[in-house]
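Listed here are the chains, written in short residue letters.
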Amino acid sequence: MNYFFNKNGPLISTYLIISIGFWLVFLIIVPQLYMFDLSFRPNIPTLLRGGPDDVYTLVHYKHFLFGSETSGERYNYVDVGVFLDTILIAILITLINLCFCYPIAFYIAKVATAKTARLLIVSLIIPFWINELLRSFALRILFAGEGFINNVLIKIGLINSGINFIAMDVALYTGLNYAYILLMIFPLYNAIETLDKNQLEAAEDLGSSMIRTHFRIVIPHAKAGIASGCTMVFMLTAGALATPVVLSSPNTFWFTQLIYQWFNMNDNWPRGAAYSVVLLTVSVVFVLLMMRIFKVKIGEIVR
Amino acid sequence: MSADVELQNVSVAFGNFYAAKDVSVKIEKGEFFSFLGPSGCGKTTLLRAISGFSEPSDGIILIGNQDMAGIGPNKRPTSLIFQNLALFPLMSVADNIAFSLEVRGSGRVQRRKRADELLELVALSGQGDKNVHELSGGQRQRVAIARALAIEPAVLLLDEPLSALDLKLRQKMRTELREIQKRVGITFIYITHDQGEALTMSDRIAVMNEGELEQVGSGHNVYEAPHTPFVATFVGENNAFYGTVSSTEGNMVKVSSHRNNFLAKAGHLSEGKKHTFKKNDEVIMFVRPESIFLKDQNNQADNIFTAEFKTIEFEGNLKNIYLSIDGKQNVRCSISNAVETSDLSTSGSVELKFSSRDAVVLPIGPLAVD
Amino acid sequence: MKSQQALNILLGIYICIFFTYLFGPLVIMSITAFNSAEFPSVTPWECFSFRWFNEGKIAYDGQHLAGLATDWRLHEGLITSLKIGLGVVLLSVPIGLSAALVLTQVHSRFRTAFYSISIMPVLFPGVIIGISTVVLWDRIATMGGGGLATQLGRNGVFLTILAQTCFISTYCFLIFVARLQRFDQTQEEAALDLGASQTQVFFKILIPYMMPAIASSCVIAFLASFENYNTTVFSILSDQTLTTVIASKVRLGISPAISSLALVIILITLTVTIAYEVLRRREDAKKREIEADALYTQTLDSRLKKVDKNTFSIPKPIFGILFVIIICIFGFNKLVEKEIYGSACIAATEKEKKSNFAEQLKLLQKNADKASQTSSENGDTDQKKEFGDIFGDPDLFKNFGGFDTKKKDAP
């Protein structure tokens, strides 16, 4: 501590300590802990907080699993179903994104000339900086009942009447895929870029086939990038709210939309908090799983 | 302005590891003093302790008879030239040089004046507005020196500043550094692992190994009269003959080594004090390669031996001949290129000679490993 | 070798498809902004017009479909977004910088822990950051008893700034860490050795070195704040930012005004990116020239001597710009020829539509009846709303534009 003050001088030390303390404690740790605490509280009016009714309870987690007591169902099929759907589809989308992006990332990193690569990267960045809502909106225009795709399909005579892409959730899944695809490319690109081109040439020289080279050399080298890309895409997909708001059909829910409902429509904050804790748990488990599977450190995942 | 620097039993420890151990030395005012040693011997640690970046865990550092304990690097009368120079890449040359004046609140005009003065001192007049990365390696070196001299420090510390330069430039800069030191007249403390640099520039040299001082003395002293086997082999080349003492005679020692009996002088234990040996002591006798000659009729020497010729190496001005005694004791001798050696390769064994004045006997100890 | 070539061609085709996928929807959305039809579409094409950028349109039932320039909710949202963005930049850049600095000094035993906590916010779903901030501050506001804390705790802009700062600081942190990794720490020592105080070292050495990173993290922090929805939608409470306005518009029905907004944003992004790229290239070229000069003066190697080229070459981008201009002129010509541009065309189509309006009204009434019928049967009116003919949706018009009285979502 003394060393710290000596190294930074009094003024800078104060600045560092205050700003970091504010951030870590006030913005990161305390809100999360409080939300965790709230998820175990009953849903009572603010005035009764701290009163005799304000006791720890598991009622919200029970509701998530088993539904309300009045319903005859054994489990809360709706909420658990939405939850499992969200997770499974997020995983699926992550995998699809990975397959989509790998060739692109490899091309930019190793095949293209420096100038082309630069151009491609810049053109990748541009859509990335356009609001997620607006990108989803663009897809909505395409997929709407009288939208571009249906009109084109009708015109060329493939179908007679419009396909309801939105109700079929095609729009939603495409939108989720579309929204975070770039977060897969950049980590992959960064990882593959560091691979020495000589290694590829050596592998070719030694008679390795193209595919084998990728599986034995490029992919092992890029595993941190793969882990990073997969984590980011999964996290953002599972936690997406903007895209489902724009593209989901009225009878399909994304898990975040459930949380939103408990918070804003039903005014049941503790239950919303409990559902948030469930989502957060999944996220943490996923990160840990990625770290395990790919044997990478957390610092390599987030860069 | 110049000041002397005194280290009293200084140790610097990182946990259990002693980077420098019990170092005591007094560096005189206006002296060019070098710490010489292999990398990792603790010389940089000592320098950082002197400049104030690390506190010694034990002992006292005095600069100009003032205890430096608790005084930060920005308050000490020292300037340090870093190994990588650490010029500020975002400032112009002149701003770099005048940085120490800037942080002390001098005005722009005054700073510029001083910067120009110093640029002249290091022969870079008119380059003040350039950017640092527009300069060549040698020019950067001089900017670093000028920057360190700007506040007229009492002691200038140099941490292997020449190591990044190529050979020719390095030799040129040695001379220049020495000249600058004479001109400004302040104490220079120079850190290097290159014995050539230390020998050419320094008034005195301290040879260090594994955190401890091995020997302090002038270049001549260190080279001619090493106190330990480490110094004997680290500073310059040396042949180490392992053997036992067969008899002593005042300062002269008879050593028997590999069926030969050599006469040599006893080495120094410390300044002005010689080692004493008893019969059958295990010792090493050191003879420099340039002190061993091919035997011929013209001059006589008191040590003569034969060895088998192995190979010869051409090094420009010198030729190195590698030989061995009984295949166990390797001997290297360096002779001038002018000496005719064409018959050596045919004859199996060669007669060699050296003078007992050029041979030093020391007790067994660790050598410097290359 | 031949198979390699075939593979490269395949890869090229794949990349073309990929970029079409990436840009196609954006391009089509941009085009719909110029179609005068109420529903953003390319086909059928009514008239080429700028109405969605300007005044919008009065629909047949008297509701106003706001255009970009007349939508006060968008404008207010934009101003709130700008305020929040500014606040986030002011907080998160210093926080990120200090965290990155401390990371370099923290004892190696705690470094991993510190780093993990610092990057946690990026791994949290955005909604959770928003929620946790709101619940905490609601509690603080309750305990505050009507004082400043209560005011702050119920202030959506303030909460949004805090919530966004939570994770945007991490973005800044990561940018600074990357830059600091290449920082030569001996520079700090050199400055100290030359007599600078620690504060002087910070302002004269470290900050100038970090300046590019500070600039880019300012930009990134602002953009991230500006386009954030997931966190903001919770923490904004009763206020509205640009994104929440867009979201509520899009959720309730889609209007070409949003396309035009998107186009404006796309153009701004494009301009900034291109300008940045041009500047960067220029800088790179200059740097390379200086380095080459330095190398030449150092080595005097005749191979490096620069030969002045006097041939004048037209910069390539000019061809691109010319091409775009020609296409525009040509397309515009075609539009005028076919008489599908301007107010005349719009008036014509309006007239045609109005003649159908009575019919539409009948349909509307019928649909509304049917809807209320079905709702009384199974209590679910939302089923049919999303799809199909927009005229079939009775709720739609009033949610399009500026004058509706949508119930606020506030708790």
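Residues numbered from 1 in each chain as written. Chains lettered and ligands numbered in written order. Predicted model: local features only at pLDDT ≥ 70, side-chain atom pairs only at ≥ 80, totals over all residues. Heavy atoms only, no water.

## Description of the overall build of chain C
For step 1, the next point in the chain: Looking only at helices and strands, chain C has 14 helices and 2 strands in total.
For step 2, the next point in the chain: Pairs at least 24 residues apart make up 67% of the contacts formed inside chain C by residues separated by at least 6 positions. (Helix = DSSP H or I, 4+ residues; strand = E, 2+ residues; numbered from the N terminus. Contact = heavy atoms within 4.5 Å.)

## Notes on the sheet that holds strand β4 (residues 58–63) of chain B
For step 1, the next point in the chain: Read across the open sheet, the 4 strands follow the order β2-β1-β4-β5 (chain B); overall the sheet is antiparallel. In this open sheet, the two edge strands, each paired with only one partner strand, are β2 (17–27) and β5 (66–67) of chain B. (Pairing = 2+ DSSP bridges.)

## Considerations on unusual backbone geometry
Residue and element names in this part refer to chain B.
For step 1, the next point in the chain: Positive phi values are uncommon outside glycine, yet A123 reaches one of about 60°.
For step 2, the next point in the chain: Here A123 lies in the loop between α4 (108–121) and α5 (137–149).
For step 3, the next point in the chain: Here E152, not a glycine, exhibits a phi torsion of approximately 50°, which is positive.
For step 4, the next point in the chain: Structurally, E152 is set in the loop between α5 and β7 (155–159).

## A word on the packing of aromatic side chains
For step 1, the next point in the chain: Considering all chains together, one arrives at 32 aromatic pairs over all chains under this definition.
For step 2, the next point in the chain: With 3.8 Å between their ring centres and 15° between their planes, F234 of chain A and F286 of chain A make a pair best called stacked. Of this pair, F234 of chain A sits in helix α10 (residues 223–238) while F286 of chain A sits in helix α13 (residues 269–294); the two residues are 52 residues apart in sequence, bridging distant segments of the chain. Here the two residues F234 of chain A and F286 of chain A agree in accessibility, since each one is buried.
For step 3, the next point in the chain: On the basis of an interplanar angle of 50° and a centroid distance of 5.8 Å, the ring pair of Y115 of chain C and F173 of chain C is categorised as tilted. One end of the pair, Y115 of chain C, is in helix α3 (residues 108–123); the other, F173 of chain C, is in helix α6 (residues 156–181), with 58 residues separating them in the sequence.
For step 4, the next point in the chain: Through pairs of rings, three or more aromatic residues link up here, namely F22 and F26 of chain A together with W137 and F158 of chain C.
For step 5, the next point in the chain: Directly above the ring of W262 of chain A sits R271 of chain A, whose terminal nitrogen or CZ lies 5.1 Å from the centroid.
For step 6, the next point in the chain: The ring of F88 of chain B carries R147 of chain B above its face, with NZ or CZ at 4.6 Å from the centroid. (Phe/Tyr/Trp six-rings, centres within 6.5 Å; stacked < 30°, edge-to-face > 60°. Buried < 20%, exposed > 50% of the residue type's maximum accessible area, 1.4 Å probe, protein only. Lys NZ or Arg CZ within 6 Å of the ring centre and 35° of its normal.)

## Observations regarding the interface of chain A and chain C
For step 1, the next point in the chain: The interface is formed by 97 residues belonging to chain A together with 98 residues belonging to chain C.
For step 2, the next point in the chain: Interface area, chain A with chain C, both sides summed: about 9300 Å², of which 76% is carbon and sulfur.
For step 3, the next point in the chain: Contact with chain C buries surface across chain A, with W23, W129 and F137 of chain A losing the most and accounting together for 8% of the total.
For step 4, the next point in the chain: If you look at where chain A meets chain C, you find 1 salt bridge.
For step 5, the next point in the chain: With its nearest N and O atoms 2.9 Å apart, the salt bridge here joins E277 of chain C to R118 of chain A.
For step 6, the next point in the chain: Along the contact surface separating chain A from chain C lie 11 residue pairs in polar contact (both at pLDDT 80 or more).
For step 7, the next point in the chain: Its residues placed into classes, the side of chain A that touches chain C shows 64 nonpolar, 22 polar and 11 charged. (Buried area = accessible area lost by both parts, 1.4 Å probe. Salt bridge = Lys/Arg side-chain N within 4 Å of Asp/Glu carboxyl O. Polar contact = N/O pair within 3.5 Å; in protein donor to acceptor, adjacent residues only side chain to side chain. Nonpolar A, V, L, I, M, F, W, Y, C, P; charged D, E, K, R; others polar.)

## Topic: the interface of chain B and chain C
For step 1, the next point in the chain: Taken together, the contact between chain B and chain C spans 29 residues of the former and 21 residues of the latter.
For step 2, the next point in the chain: Of the roughly 2000 Å² buried at the junction of chain B and chain C (both faces included), carbon and sulfur atoms supply 61%.
For step 3, the next point in the chain: Between chain B and chain C we count 2 salt bridges in total.
For step 4, the next point in the chain: A salt bridge links K204 of chain C to E102 of chain B, with the shortest nitrogen-to-oxygen separation between them at 2.8 Å.
For step 5, the next point in the chain: On inspection of chain B and its partner chain C, the count reaches 9 residue pairs in polar contact (both at pLDDT 80 or more).
For step 6, the next point in the chain: Contributing elements (two or more residues each) for the side of chain B that touches chain C: α1 (43–51), β6 (78–81), α3 (99–102) and α5 of chain B.
For step 7, the next point in the chain: Across the side of chain B that touches chain C, the residue classes tally to 15 nonpolar, 9 polar and 5 charged.

## Things to note about the pattern of salt bridges
Residue and element names in this part refer to chain B.
For step 1, the next point in the chain: Summed over all chains, the structure comprises 18 salt bridges over all chains.
For step 2, the next point in the chain: Note that D4 and K26 form a salt bridge whose closest N and O atoms lie 3.5 Å from each other. One end of the pair, D4, is in the segment before β1 (5–14); the other, K26, is in strand β2, with 22 residues separating them in the sequence.
For step 3, the next point in the chain: A residue is classified by how much of its surface remains accessible, and D4, at 12% relative accessible area, is buried.

## Notes on the confidence of the model for chain A
For step 1, the next point in the chain: Scored by pLDDT, chain A comes out at a mean of 79, with 87% of its residues at no less than 70.
For step 2, the next point in the chain: At the low end of the mean pLDDT range in chain A sits helix α14 (residues 298–301) of chain A, at 67; at the high end sits α10 of chain A, at 85. (pLDDT = per-residue confidence, 0-100.)

## Quick notes on the pairing of strand β3 (residues 32–36) of chain B
Residue and element names in this part refer to chain B.
For step 1, the next point in the chain: The element β3 is extensively covered by neighbouring structure, given that 5 of its 5 residues are classed as buried.
For step 2, the next point in the chain: Residue alternation in β3 divides its side chains into two sets, F32, S34 and L36 and F33 and F35, and both sets are buried.
For step 3, the next point in the chain: Relative to strand β8 (residues 187–192), β3 runs parallel, the two sharing 5 bridges. Each residue of the ladder has a partner; that of F32, found in β8, is F188.

## Overview of the state of the cysteines
All names here are of chain C.
For step 1, the next point in the chain: Applying the stated criterion to the full structure yields 0 disulfides over all chains.
For step 2, the next point in the chain: Lacking any disulfide linkage, C218 is separated from the closest cysteine sulfur, that of C172, by 7.4 Å.
For step 3, the next point in the chain: Judged by its relative accessible area of 25%, C218 falls in the partly exposed class. (Disulfide = S-S within 2.5 Å.)

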